[in-house]
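Read off the chains here:
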Amino acid sequence: MNSLKYCLFITLLSGSASASLNIVTTTTDLRAIAAEVAGSLASVESIAKGTQDPHFIEAKPSFMVKASKADLIISNGLELEVGWLPSILSGSRNPKIKAGEKGNLEIGPAIDPLEVPTGKISRADGDVHPDGNPHFTLDPIRVGKAALLIGKKLGELDPPNAATYAKNADALNARLTEKTKAWMARIAKTGVKKVITYHKTLTYFLTRFSLETPAILEPKPGIPPTSGHIIEVIGLIKTQKIPLILVENYFDPTVTTKIKQEAPLVRTVTVPVAVDGAPGITKLDDLYETLVKSIEGK
Amino acid sequence: MKHPIQGRLLAVALSSFLFYFPAARAASGKAFNPDLSANFLGLIRQGTGISNNRSNPDHNGVRLQEAEIQLSSDVDVYFKAVALFSVSQTDTTPAANGSTEYGIDPEEVYLETISLPGVTIRAGKMKLGLGKHNQLHTHAYPFIDAPLFQSALVGDEGLNETAVSAAVLVPAPWFSEITVQGFTPGNSELYRSRESGEIGALVRLKNLWDLSDDTTLEFGLSGTRGKNSLEKTATAYGGDLTVKWRPSEGGKYRSLIWNSEYLGANRKGLTDGSGNDVAKLGGLTTYVQYQFAERWWAQARGEVLGLPKPTEFARVTKQSALLAFLPSEFSGLRLQYDHTKADDREKSDHTVSFQYNITIGAHPAHAY
């Protein structure tokens, strides 16, 4: 009888182990959200690293192996992964996670994207995303909404634990909503109103915290800075008294050297823009805190 | 061999494809139109060993190396389809008339399963898995031209036949894939049987290991057999080794690829013009691509054709250097120099080529 109980116990244990969800995310930000919402009920891995430009990840076959075992793939969408995710999905030979299936969640289109082009678009305008700016995980409020979407999806895939996922997602959403108020107050106190960035990575963050972006160091999205454009930017910094340049840390920051020579008052800071983008950035809260401190000059 | 068809015929064919298909007509807006893209390669080349006759497809001077039009889409819940047509200059008859004529070729037209777990079945005309380079389209070649072994053993177009293919992911901790292909032997060089019932066979094993977050090692083996133009069973075998390095930090600005590939064949019964046996022939190529800035690459390649070497065959060695500037994902400019030496010739050949590579349309998903 004891041995029967032991066998039953082992069976239950193995059953619960196989029930845990295997989630693959395209970015470390999405991994951080999914890991918090899923808690111990899922394993979560990211394809991109926090130090990499997520537009240009290579579709390594090892990612296909990871995706082949996934119950769910969570992607950013808005064409952030257009150059690499389709190859990983088809190479995975996992029908559960192909586009349109239950195991495929694309967050971007559902979180009210910014900078959705109107009218005709052309690649002469650079690396324009037809469905809007994809870097929404830099906005803590939209990340709260993303957590709710992920919680709902996990509940569909694992109904017995749906309440836990919903609770975790609500907690993350509430915490970030609360912290955003504090971050807003701190940024307002700095007096900084205008910030220049290298790429439009920080648009959501700056918009959330009512900071203007009078210029981007790239002359057009995806095009490296040219000397003519940098001279224009220096002119703007001087005339508009722009106090701060934030350079996303997967771009070459040396372009700011010339700007500092011409406009010595401007502060230039290289910042992480993703979870794991720098040591100690293990959660999105850490990332936003670092960005707020960069604006505060701490 | 491509059929000379006027360019407007291509336009008509494409229009028919896009507008005559019931799904495309019935769809609201453009939602169900296939992804459509066009690529073209312009080439300016001057070489001591290259023809000055404009009617020869590979001639000195300015020319359109190739244009490709690709359509791809999911067919339904079970299949996706790819149709890729290439247009390039064909031999003109008579060769001396000086005109340039172009032909269209269904370079790859196939359907592929999207709903089967663990396996991808493909059917249609496709580039077969004989090594790594054979699977590349011209616009994705690491150098402007193909390796020596490709044109010598499987022809300029490579081994690109009507086939059925199954690619299975082996359940291993690393990426391991076995591809089995059955094909009709209609190749210009290696396999060319008049018997319509003849089927060739190919097996490829591809493995890829992540040595670290920054470095991968890929190792592939391929073997194939089929009837040749003498209705004898020919075989070909290849091995490829690729190391890729792209650092997780700063990987936008620096990366390195080192590839080596060998292809050998036993072309049973094949003789040269004097009746000498030239059946067994193989070639090796090795190259390095180094990305030294966000949009700049420097590359070097060394090749040998003649491993093994038939007694009466002159071994050929070639060295190439290339500088590439890629303004965006959709355009590229490349300058290449080649030094080629055949054992039976006193003088070497020198070639300088400049190529522009342009893509418009749907954003491609890049292969690794």
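Residues numbered from 1 in each chain as written. Chains lettered and ligands numbered in written order. Predicted model: local features only at pLDDT ≥ 70, side-chain atom pairs only at ≥ 80, totals over all residues. Heavy atoms only, no water.

**Some thoughts on the overall build of chain B**
Let me state the cut-off plainly: The helix count covers DSSP runs of H or I at least four residues long, the strand count covers runs of E at least two residues long, and both are numbered beginning at the N terminus. Exposed residues in this analysis have more than 50% of their type's maximum accessible area, buried residues have under 20%, and partly exposed residues fall in between, with area computed by a 1.4 Å probe over protein chains only. Two residues form a contact once any of their heavy atoms are found within 4.5 Å. All accessible-area figures derive from a Shrake-Rupley calculation using a 1.4 Å probe, and residue coverage is judged against the displayed protein chains alone. Here Asp and Glu are counted as negative and Lys and Arg as positive; His is not counted, and neither are the chain ends. Charge positions come from single atoms, namely NZ of Lys, CZ of Arg, CG of Asp or CD of Glu.
A count of helical and extended segments in chain B gives 3 helices and 17 strands. Each principal axis of the C-alpha distribution contributes one length, and for chain B these read about 65 × 55 × 40 Å. Per-residue burial over chain B gives 45% buried out of 368 residues. Within chain B, contacts between residues separated by at least 24 positions form 54% of all contacts whose residues are at least 6 apart in sequence. By element, 61% of the accessible surface of chain B is carried by carbon and sulfur atoms, the whole surface being about 17700 Å². Positive and negative side-chain charges of chain B, numbering 35 and 39 respectively, have mean locations separated by a distance of 2 Å.

**Observations concerning the domain arrangement of chain B**
All names here are of chain B. We count it as follows: These domain limits were set by an automatic method or by a database of domain assignments. Two parts placed together each lose some accessible area under a 1.4 Å probe, and adding up what both lose gives the buried area. Salt bridges are identified by distance alone: a Lys or Arg side-chain nitrogen within 4 Å of an Asp or Glu carboxyl oxygen.
In terms of domain boundaries, chain B breaks down into domain 1 (1–115) and domain 2 (119–368). On a C-alpha basis, the centroid separation for the pair domain 1 and domain 2 is 21 Å. If you look at the interface, domain 1 gives 30 residues, while domain 2 gives 31 residues. Buried area between domain 1 and domain 2, both sides added, is near 2600 Å², and the carbon and sulfur share of it is 44%. Among the residues domain 1 hides against domain 2, the three largest losses belong to F40, E107 and E108. Together they make up 18% of the total. The tally of links between domain 1 and domain 2 comes to 2 salt bridges.

**Notes on the pairing of strand β6 (residues 244–248) of chain A**
All names here are of chain A. As a reminder, the rule being used: Two strands are said to pair when DSSP picks up at least two bridges between them. With the strands aimed away from the viewer, a crossover counts as right-handed if its path from the first strand over the helix to the second runs clockwise.
Among the 5 residues of β6, 5 are classified as buried, and the element is accordingly described as predominantly covered. Judged by which residues are buried, β6 turns out to be covered on both faces: L244, L246 and E248 on one side and I245 and V247 on the other are all buried. Where strand β5 (residues 195–197) lies against β6, 3 bridges are found, and the strand directions are parallel. For I196, the partnering residue across the bridge sits in β6 and is I245. Relative to strand β7 (residues 267–271), β6 is paired through 5 bridges, and the arrangement is parallel. Residue pairing across strands places I245 opposite T268, the latter belonging to β7. Once you follow β6 into helix α9 (residues 255–262) and on to β7, the crossover reads as right-handed.

**Considering unusual backbone geometry**
B:L307 connects to B:P308 through a cis peptide bond whose omega is 0 degrees. Summarising the element assignment, B:P308 is placed in the loop between β14 (296–305) and β15 (316–328). The backbone of A:E115 shows a phi angle near 55 degrees, a positive value even though the residue is not glycine. Inspection of the secondary structure assignment puts A:E115 in the loop between β4 (104–106) and α5 (140–157). On the basis of relative accessible area, A:E115 is assigned to the partly exposed category, the value being 38%. With a phi angle near 60 degrees, B:E231 is a residue other than glycine that sits in the positive phi range.

**A look at the interface of chain B and chain A**
Interfaces are frequently sized by the accessible area removed from exposure as the parts join. Rules: Polar contact is the term for a pair of N or O atoms within 3.5 Å; when the atoms are in protein, one must be able to donate a hydrogen and the other to accept it, and sequence-neighboring residues count only if both atoms are side-chain atoms. Note on residue categories: nonpolar means Ala, Val, Leu, Ile, Met, Phe, Trp, Tyr, Cys or Pro, charged means Asp, Glu, Lys or Arg, and polar means any other residue, Gly included.
Facing 39 residues of chain B, the contacting portion of chain A comprises 29 residues. In this structure, the connection of chain B to chain A is made through 4 salt bridges. Residue A:R93 is joined to B:E177 by a salt bridge in which the shortest nitrogen-to-oxygen separation is 2.6 Å. For the pair chain B and chain A, the number of links is 15 residue pairs in polar contact (both at pLDDT 80 or more). Split by residue class, the side of chain B that touches chain A holds 20 nonpolar, 9 polar and 10 charged.

**Side note on the nonpolar core**
What counts, and what does not: In this description, a nonpolar core means a group of buried Ala, Val, Leu, Ile, Met, Phe, Trp, Tyr and Cys residues linked to one another through side-chain atoms lying within 4.5 Å.
Ranked by size, the top nonpolar core spans 67 residues in total, and within it A:I33, A:F205 and A:L217 carry the most contacts. Looking at which domains feed residues into this core, each of domain 1 (21–174) and domain 2 (180–296) of chain A supplies at least three. Leaving out residues up to four positions away in the same chain, A:I33 has contacts with A:V143, A:A146, A:A147, A:I150, A:L172 and A:L284. Among the nonpolar cores identified, the runner-up in size contains 23 residues, and B:A163, B:A234, B:A265 and B:L281 belong to it.

**Some remarks on the environment of B:I360**
Residue and element names in this part refer to chain B. Locating I360 in the fold gives a position in strand β17 (residues 349–361). As a C-alpha pair, I360 and F40 span 320 residues in sequence and 9.1 Å in three-dimensional space. Those residues in contact with I360 that sit more than four places away from it in its chain are L36, S37 and A38.

**Quick notes on the domain arrangement of chain A**
Residues and elements named next belong to chain A. According to the domain assignment, chain A consists of domain 1 (21–174) and domain 2 (180–296). On a C-alpha basis, the centres of domain 1 and domain 2 stand 25 Å from each other. Of the residues lining the interface, 31 residues belong to domain 1; the matching set on domain 2 comes to 27 residues. Overall, the association of domain 1 and domain 2 removes approximately 2300 Å² of surface from exposure, summing both partners, and the carbon and sulfur fraction of that is 59%. Linking domain 1 with domain 2 are 3 salt bridges.

**So, the packing of helix α6 (residues 162–190) of chain A against helix α10 (residues 284–296) of chain A**
Residue and element names in this part refer to chain A. Selection rule: Note on geometry: axes are C-alpha line fits, over the in-contact stretch for helices, and angles between N-to-C directions span 0 to 180 degrees. Our angle categories are set so that under 35 degrees counts as roughly parallel, over 145 as roughly antiparallel, 65 to 115 as roughly perpendicular, and the remainder as oblique.
Two elements in contact, α6 and α10, have axes separated by 9 Å at closest approach and are oriented at 10 degrees. Considering the angle they form, α6 stands roughly parallel to α10. Residues R175, L176, K179, W183, R186, I187 and T190 of α6 touch α10, and the partners they reach there are D285, Y288, E289, V292, K293, I295 and E296.

**A word on the packing of aromatic side chains**
Two descriptors summarise a pair of aromatic rings, namely the distance from one centre to the other and the angle between the planes of the rings. Counted only if it meets this: Note on ring pairs: Phe, Tyr and Trp rings are taken, using the six-membered ring of Trp, and paired if centres are within 6.5 Å. Classes follow the plane angle, with under 30 degrees stacked, over 60 edge-to-face and the rest tilted. A positively charged side chain is recorded as over a ring if its NZ (Lys) or CZ (Arg) lies within 6 Å of the ring centre. The angle to the ring normal must also be within 35 degrees.
Going through the model one piece at a time under the given rule, you end up with 11 aromatic pairs over all chains. Residues B:F40 and B:Y356 carry aromatic rings whose centres are separated by 6.3 Å and whose planes lie at 85 degrees to one another, so their mutual orientation is edge-to-face. Here B:F40 is found in strand β2 (residues 35–47), whereas its partner B:Y356 is found in strand β17, with 316 residues between them in sequence. Look at B:F40 and you get partly exposed, because its relative accessible area is 34%. For B:Y356, a relative accessible area of 32% puts it in the partly exposed group. Residues B:F143 and B:Y287 carry aromatic rings whose centres are separated by 5.6 Å and whose planes lie at 70 degrees to one another, so their mutual orientation is edge-to-face. Placement of B:F143 in the loop between β6 (119–127) and α3 (148–154) and of B:Y287 in strand β13 (residues 280–293) is noted, with a sequence separation of 144 residues between them. Each residue in the set A:Y198, A:Y250 and A:F251 is aromatic and connected to the rest through ring pairs, giving one cluster. Residue placement shows B:K244 over the ring face of B:Y368; its charged tip is 4.1 Å from the ring centre. It is B:R301 that lies over the ring of B:F143; its NZ or CZ is 4.5 Å from the centre.

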